[in-house]
Amino acid sequence: MRIYGEAHMNFNRLKSADAEEAIDNLDRAMEAKLESFHSFYDVTKELFDYFEHADTAVLILLRNAIHYRNHLLIKTWNQ
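Residues numbered from 1 in each chain as written. Predicted model: local features only at pLDDT ≥ 70, side-chain atom pairs only at ≥ 80, totals over all residues. Heavy atoms only, no water.

### Examining the packing of aromatic side chains
Thought 1: Within the structure shown, the criterion is met by 4 aromatic pairs.
Thought 2: Ring centres of phenylalanine 37 and tyrosine 50 lie 5.9 Å apart, and the angle between their planes is 85°; this geometry places the pair in the edge-to-face category. Here phenylalanine 37, found in helix α2 (residues 19–44), pairs with tyrosine 50, found in the loop between α2 and α3 (54–68); they are 13 residues apart in sequence, far enough to count as distant.
Thought 3: Accessibility expressed as a relative area gives 5% for tyrosine 50, which makes it buried.
Thought 4: Three or more aromatic residues link up through ring pairs in this structure, and these residues are Phe37, Tyr41, Phe48, Tyr50 and Phe51.
Thought 5: When the ring centre of tyrosine 4 is taken as origin, the NZ or CZ atom of lysine 33, which lies over that ring, is 4.0 Å away. (Phe/Tyr/Trp six-rings, centres within 6.5 Å; stacked < 30°, edge-to-face > 60°. Helix = DSSP H or I, 4+ residues; strand = E, 2+ residues; numbered from the N terminus. Buried < 20%, exposed > 50% of the residue type's maximum accessible area, 1.4 Å probe, protein only. Lys NZ or Arg CZ within 6 Å of the ring centre and 35° of its normal.)

Here's what the structure looks like:
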């Protein structure tokens, strides 16, 4: 969460100097947040049914969509 917060706070300042890097920083920070959640999911999926709850299911599906990148559904501002 800290990394995403820092990227978000620095976005406007960095955007004026290097927009591509500012966007990339936000993308990588969001991916890191989703990867952390997915690691937690891997460890605890036997204890909790994540797909019984819409919010946790969406996080897992979003992480997988971004992680595998074999589609055109999710694009960054840089694309």
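Resuming the write-up.
### Remarks on α3
Thought 1: Over its 15 residues, α3 extends 21 Å from the first C-alpha to the last, a length consistent with the 21 Å expected when each residue adds 1.5 Å.
Thought 2: Taken together, the buried positions of α3 are occupied by Thr56, Ala57, Ile60, Arg63, Ala65 and Ile66.
Thought 3: A positive backbone phi angle near 45° is found at arginine 69, which sits one or two residues after α3. (Expected span 1.5 Å × (residues − 1).)

### Comments concerning the nonpolar core
Thought 1: Of all hydrophobic cores here, the largest spans 7 residues; its members are Ala7, Phe11, Leu14, Ala22, Ile23, Leu26 and Ala29.
Thought 2: Looking at this core element by element, the count peaks at 4 residues for α2.
Thought 3: In contact with alanine 22, not counting residues within four places along its chain, are Phe11, Leu14 and Lys15. (Core = buried A, V, L, I, M, F, W, Y, C linked by side-chain atoms within 4.5 Å. Contact = heavy atoms within 4.5 Å.)

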